[in-house]
Amino acid sequence: MLRHLRIAARTLLRRPSFAAIAVVTLALGIGATTAIFTVVNAVVLEPLPYADSDRLVRLEHPVPLLNPEWKWGMSEAGFFAARESNRSFTDIAVYEASSLVLAGEDVAEEVPATGVSANLFDVLGGRAAVGRLFRWEDNDPEASLAVVLSHEFWRTRLGADPRIVGTTLELNGVAAEVVGVVEPGLDVPERNTHLWYPVRISASKTPVNWHRFNAVARLAPGVTPEMAEGDVRRVMADWPETLTNAYGSDFYERTGFTAAVVPLRDHVVGDIGAALWVLLGAVGIVLLIGCVNVANLFLVRLEAGRRESALRMALGASRADLAAKWLAESVLLGGAAGALGLILAGWGIAALVAAGPDIPRLEEISPGWRSAAFTAAVSLGAALAFGLLPVVRSGVRFEWLREGPGLTASRQRNAARRGLVVFEMALALVLLTGAGLMLRTFHNLRSVDPGLDPEGVLTMELSLPSAHYFGYEAVASFHRSLSERVAALPGVVAVGATQALPLAAPTGCSILFTADAAARQRMSECFASTIQATPGYFRAMGIEVEGEAPSWRDVEARRGGVVVTRAFADHVWPGQSAIGQTVRGNGMGEPYYRIVGVTEDIRANGLNDAPVPQVFFPMLPLEGAPLWSPPRAMALAVRVAGVAPATLAAPIRALIRETDAGIAVGTVRPMTEVVAASMRRTSFAMLLLGIAAAVALALGVIGLYGVIATIVEQRRPEIGIRMALGAGRGEVQRMVVGEAAALAGVGVLVGGAASLVTSGVLAAQLYGVAPRDPVTLGAVAVVLVGVALAAAYIPARRAARVEPMGVLRGG
């Protein structure tokens, strides 16, 4: 074998163009496949970074009668009840994602934080690197505030000071004692935590139906998620009696409230796993097309070296020797392509991570030994794939020694190459169809009216420290003062603020009440989100309001005017005007808030989701009708004209610092960027599928061109005879183009059938277009045939220029 490898190396060095084309073609496919495999491995296949992570599960509460897709978290009362009575978990812990305002010397900043029950670190298998972690007394509502630092925050922001334990940080205006630092790498799922703090919970509190916590548990040995789910449902059966204040007798019947136990990794990966497998299949098809192209190149060399092969056999070479010769060349090419593909994969992975697609565990994506092993396996597999075809066809006949250069190739000699080209065309059509469907999805999403005008709007997240802005009046006073000062800046048209920026984060829901008895029945379910917004918000976001939006004068007079979306109004008062109707949350009975305006539908959760019913409450509540809590975390929206929105970021920051340096400014971005970010996953999938389809189309066309050009060269004697007998140049061109059209047509038929079978895997990623859309399939078929005919143009012209007499004389 070593001898064959040395001979193959010398042979390839004598044909550098063939070797370069083969290596680059394969490297593109191998690199793309390795890059996507690395993503799939990190996101889907690798276990979560916790000890015995396969035993970690998430506890959820589906409410299918309210919404089949809703899954609530765990309530405080439910947490203590489930922890005490279950038999399936070694322990259950809860956490909630949050943020804290960290006071600095010059300016405050908003820091990602996670509130946890003291046992969360034990459940996740985390330990302290410095100091200690939380104890249960830290969760007591009356305890002083303690904080644990992430290892990265301690190292990068505090210089890894080992004396940090016992010092204090000012968080939300309150002094918090640093009690420890967690070990490196510990985090909660889907969260980059800098600070950990104990949530204020107690088993002695009055049970409340507020499902605000994420719950994670560790399965006991031998217990499956299905067994644990049955156990939790057994425990829940007693809640209407033991936790009556939270779960009334008819609550389960009205909501379908139940329990689900899901492997934690499945929750983290979510539906992105299916999309990643689709992308891996797409780049795998590109690699397969590359192998077909290289196999075609090998067949050309095999046909051109027929006499050489026959001579080798005549001189004593065995058929095994000839087969080993081809395999040795393919292995060398595959190895070189694998090495280059691994480099290309590294560049591709870096580009993917830098693009910041909406993919969980993104920070864990990096090439490792599995990627290297995958590249080696793929390279060897590719080498065998394109090297075996010449081996299968390496039967040698001695009559080849009598063949002259002027003999015409038979159809049988080109049948394999034709078949490979048809295969390439079919695969290219499958990828083009997928890319076409994603392109139409992207176009459909771009055409969706979000219910607002994002052009010329700057958004800025603000967090007010709770110790300094404890009540509604303080929060409202700050926002009115800031709005007036920002409105005075040059170019500012309108200023407002909201608790939930549209398209930026999924909204929750609340159960509301109304004085209208008939409408109250339609409000008995949790279907609408409740948001507090400042006057000016609707104008700043370009949201049309029928009726009126409350002014600051209305808010401060506590007139209780609210604005609802069209989706809310049509659900509760179908066929009627909602203006003048009443609504209330966080309690029932008088006094009620009065609806003074109705907005057009707002796509709050995403352009591909239905409009969300929403109720916009004022900044100050009615006397006797309290809202949930003062909105200390809000997003400022500033509409400008005549200037770029980004140019106002610095002046607004300066105004905030002048007003209160303890207020943290978070993400600052134009609203157009928020809209684009809501389509990031779709655009990411569309881009990768589009690139894969374009490469597949290019490789397929190159393969078709190579086959047609070779057939024309082999049929020169036949073409010369035809022209000598009276065939015109146009007839010869039509013959060659017809050959290409036939190959492309068969490829379209085969690929079309394959697309109808495979396109269903994209169904979850599509919007406004069916997986088997005939328009898309017809359009890509036309494109493929058109490009194939264009590829045949040059060989057709070359065939039409054949000189009959020169060919007949053997020239």
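Nothing here was measured: the structure is a model prediction, and the numbers come from that model.

I'd love a proper account of the nonpolar core, names of residues and values included.
If you look at the biggest cluster of nonpolar residues, it comprises 123 residues, and the most contacted ones within it are Val 43, Leu 276 and Met 541. Counting residues per element, this core draws most heavily on helix α10 (residues 272-304), at 18 residues. If sequence neighbours within four positions are ignored, Leu 276 has contacts with Ile 36, Val 39, Val 40, Val 43, Val 44 and Ile 359. Judged by nonpolar contacts, the second largest core, of 53 residues, contains Ala 77, Phe 80, Ala 113 and Ala 176.

Quick one: what's the story with the environment of Thr 441, residue by residue and with numbers?
Relative to the elements of secondary structure, Thr 441 occurs in helix α14 (residues 411-447). A C-alpha to C-alpha distance of 19 Å links Thr 441 and Ile 359, two positions 82 residues apart in sequence. Leaving out residues up to four positions away in the same chain, Thr 441 has contacts with Thr 682, Gln 765, Leu 766, Tyr 767 and Val 769.

Could you give an account of the packing of helix α15 (residues 472-487) against helix α20 (residues 649-659), naming the residues involved and the relevant values?
The contact between α15 and α20 brings their axes to 10 Å, and the two run at 140°. By the angle between their directions, the pair α15 and α20 is classed as oblique. As for how α15 packs across α20, the hand of that crossing is right-handed. Across the interface between the two elements, Phe 478, Leu 482, Arg 485 and Val 486 from α15 touch Ile 652, Leu 655, Ile 656, Glu 658 and Thr 659 from α20. Its residues placed into classes, the contact of α15 with α20 shows six nonpolar, one polar and two charged.

Any details on a positive patch on the surface? Residues and values, ideally.
A cluster of basic residues, Arg 3, Arg 6, Arg 10, Arg 14 and Arg 15, forms a positive patch on the protein surface. As for its position among the elements, Arg 14 is in helix α1 (residues 2-14).

Could you give an account of the packing of helix α25 (residues 774-791) against helix α26 (residues 793-800), with specific residues and numbers?
Direction vectors running N to C along α25 and α26 enclose 35°, while the axes themselves pass 4 Å from each other. On α26, the residues touching Leu 789, Ala 790 and Ala 791 of α25 are Tyr 793, Ile 794 and Pro 795. By residue class, the composition of the contact of α25 with α26 is six nonpolar, no polar and no charged.

Explain unusual backbone geometry residue by residue, including any values.
Here the bond from Glu 590 into Pro 591 is cis, since omega is -5°, no more than 30 degrees from zero. Structurally, Pro 591 can be placed in the loop between β18 (582-585) and β19 (593-599). Located in the positive-phi region is Asp 52, a residue other than glycine, with phi close to 50°. The phi dihedral of Ala 160 is positive, around 55°, even though this residue is not glycine. Looking at the secondary structure, you find Ala 160 in the loop between α5 (151-157) and β7 (168-171). Judged by relative accessible area, Ala 160 falls into the partly exposed class, the value being 29%.

Talk me through empty space enclosed by the protein; I want residue IDs and the actual numbers.
Vacant regions in the atomic arrangement are exposed by a probe of water-molecule size rolled over the atoms. Within this structure, the stated rule accounts for six cavities of 30 Å³ or more. One number sums up the size of the largest cavity: a volume of about 100 Å³. Broken down by secondary-structure element, the contributors of at least two residues to the lining of the largest cavity are β17 (561-565) and β20 (614-617). For the lining of the largest cavity, the residue count by class is 11 nonpolar, three polar and no charged.

Cut-off values and rules
- Residues numbered from 1 in each chain as written.
- Predicted model: local features only at pLDDT ≥ 70, side-chain atom pairs only at ≥ 80, totals over all residues.
- Heavy atoms only, no water.
- Core = buried A, V, L, I, M, F, W, Y, C linked by side-chain atoms within 4.5 Å.
- Buried < 20%, exposed > 50% of the residue type's maximum accessible area, 1.4 Å probe, protein only.
- Helix = DSSP H or I, 4+ residues; strand = E, 2+ residues; numbered from the N terminus.
- Contact = heavy atoms within 4.5 Å.
- Axes fitted to C-alpha atoms, helices over the stretch in contact; angles between N-to-C directions.
- Parallel < 35°, antiparallel > 145°, perpendicular 65-115°, else oblique.
- Left-handed = near helix turned anticlockwise from the far one by under 90°.
- Nonpolar A, V, L, I, M, F, W, Y, C, P; charged D, E, K, R; others polar.
- Patch = residues over 30% accessible without salt bridge, like charges linked within 9 Å, V, L, I, M, F, W, Y side chains within 5 Å.
- Areas by Shrake-Rupley, 256 points an atom, 1.4 Å probe, with all protein chains shown as cover.
- Salt bridge = Lys/Arg side-chain N within 4 Å of Asp/Glu carboxyl O.
- Lys, Arg positive; Asp, Glu negative; His and termini not counted.
- Charge placed at Lys NZ, Arg CZ, Asp CG, Glu CD.
- 1 Å grid on protein atoms, 1.4 Å probe; cavity = no way out; pocket = protein on both sides within 12 Å on 5 of 7 lines; lining within 4 Å.
- Points joined across faces, edges and corners; volume = space filled by probe spheres on them.

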